[in-house]
Amino acid sequence: MTNLTRYTAGDLSSLMDRITRNSIGMDEYFDRLFNVHETTSNYPPYNLIQVNNVESHLEIALAGFKREEVNVFTEYGKLFVEGKKSSTESDKTFIHKGLAQRSLQRTWTLSDDTEVRDVVFEDGLLRIVLGKVVPEHHARKDYL
């Protein structure tokens, strides 16, 4: 018979204490899981599209941004998208200002088996192609 214990949301701290006490080398994993540094704002809007089981597209709406104002990079297992808006429109008088003219920074945590395969910025839409890296010994091989 197994020794299973059912935990509720109120018991989460005791569960985490038990897990961290009985794990070695999992500190970085738990830090990434519980100390999330991702952006909590809704700006800019984005879509995450699952193309197939090994490819996804991240589409980010960047209306009003130019190519040279956008920076996309990965570092320490995170995908960063930054936009630095130059303030050249300060002399204009707006009757209605619906397009955001502020700088942005969004961050997504990537799994260890996900890589950025392509980045395209076209017509105010930033498309990032994400691919799952399948090790050769896990890849499908047809013999007949």
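Let me sum up the structure you'll find in this document. (Residues numbered from 1 in each chain as written. Predicted model: local features only at pLDDT ≥ 70, side-chain atom pairs only at ≥ 80, totals over all residues. Heavy atoms only, no water.)

Quick look at the overall build of the chain now. Per the secondary structure count, the chain includes 2 helices and 7 strands. If you list the helices and strands of the chain from N to C, you get α-α-β-β-β-β-β-β-β. When each of the 144 residues of the chain is scored for burial, the buried share is 22%. (Helix = DSSP H or I, 4+ residues; strand = E, 2+ residues; numbered from the N terminus. Buried < 20%, exposed > 50% of the residue type's maximum accessible area, 1.4 Å probe, protein only.)

Quick look at the packing of aromatic side chains now. With the rule as written, the count across this model stands at 2 aromatic pairs. When the centroid spacing of 5.2 Å and the interplanar angle of 80 degrees are considered together, the rings of tyrosine 46 and tryptophan 108 count as edge-to-face. Placement of tyrosine 46 in strand E1 (residues 46-52) and of tryptophan 108 in strand E5 (residues 104-109) is noted, with a sequence separation of 62 residues between them. Assessed through its relative accessible area of 36%, tyrosine 46 is described here as partly exposed. Residues phenylalanine 73 and phenylalanine 80 carry aromatic rings whose centres are separated by 4.9 Å and whose planes lie at 15 degrees to one another, so their mutual orientation is stacked. Taking the ring centre of phenylalanine 94 as reference, the NZ or CZ of lysine 97 above it sits at 5.0 Å. When the ring centre of tyrosine 43 is taken as reference, the NZ or CZ atom of arginine 102 above it lies at 3.9 Å. (Phe/Tyr/Trp six-rings, centres within 6.5 Å; stacked < 30°, edge-to-face > 60°. Lys NZ or Arg CZ within 6 Å of the ring centre and 35° of its normal.)

To continue, consider the sheet that holds strand E2 (residues 55-61). The sheet built from 4 strands is open, its strands ordered E1-E2-E7-E6 with antiparallel pairing. With one partner strand each, in any of the chains shown, E1 and strand E6 (114-122) form the two edges of the open sheet. Looking at each pair of strands side by side, their axes are set apart by 20 degrees on average, direction ignored. As judged from the 7 bridges shared by E2 and strand E7 (residues 125-132), these two strands associate in the antiparallel manner. (Pairing = 2+ DSSP bridges. Axes fitted to C-alpha atoms, helices over the stretch in contact; angles between N-to-C directions.)

Across residues other than glycine, the phi torsion is negative in most instances, and most of the peptide bonds are trans. A positive phi angle, close to 55 degrees, is found at tyrosine 76, a residue other than glycine. Here tyrosine 76 is to be found in the loop between strand E3 (70-75) and strand E4 (78-83). Judged by relative accessible area, tyrosine 76 falls into the exposed class, the value being 77%. Of note in the backbone geometry, aspartate 123 takes a positive phi value of approximately 55 degrees without being a glycine. Here aspartate 123 shows up in the loop between E6 and E7. For aspartate 123, a relative accessible area of 80% translates into the label exposed.

A sheet is described by the order of its strands in space; here 3 strands give the open sequence E3-E4-E5, paired in antiparallel fashion. Edge positions in the sheet fall to E3 and E5, since each of these pairs with one other strand and no more. Mean inter-strand twist for the sheet, computed between neighbouring axes without regard to direction, equals 15 degrees. Alignment of E4 against E5, held across 6 bridges, turns out to be antiparallel. Looking at E5, one finds that glutamate 82 is bridged to glutamine 105.

Relative to E2, E1 runs antiparallel, the two sharing 6 bridges. The residue of E2 that forms the bridge with asparagine 47 is glutamate 59. Taking the residues that link successive antiparallel strands as the turn, the E1-E2 hairpin has 2 residues.

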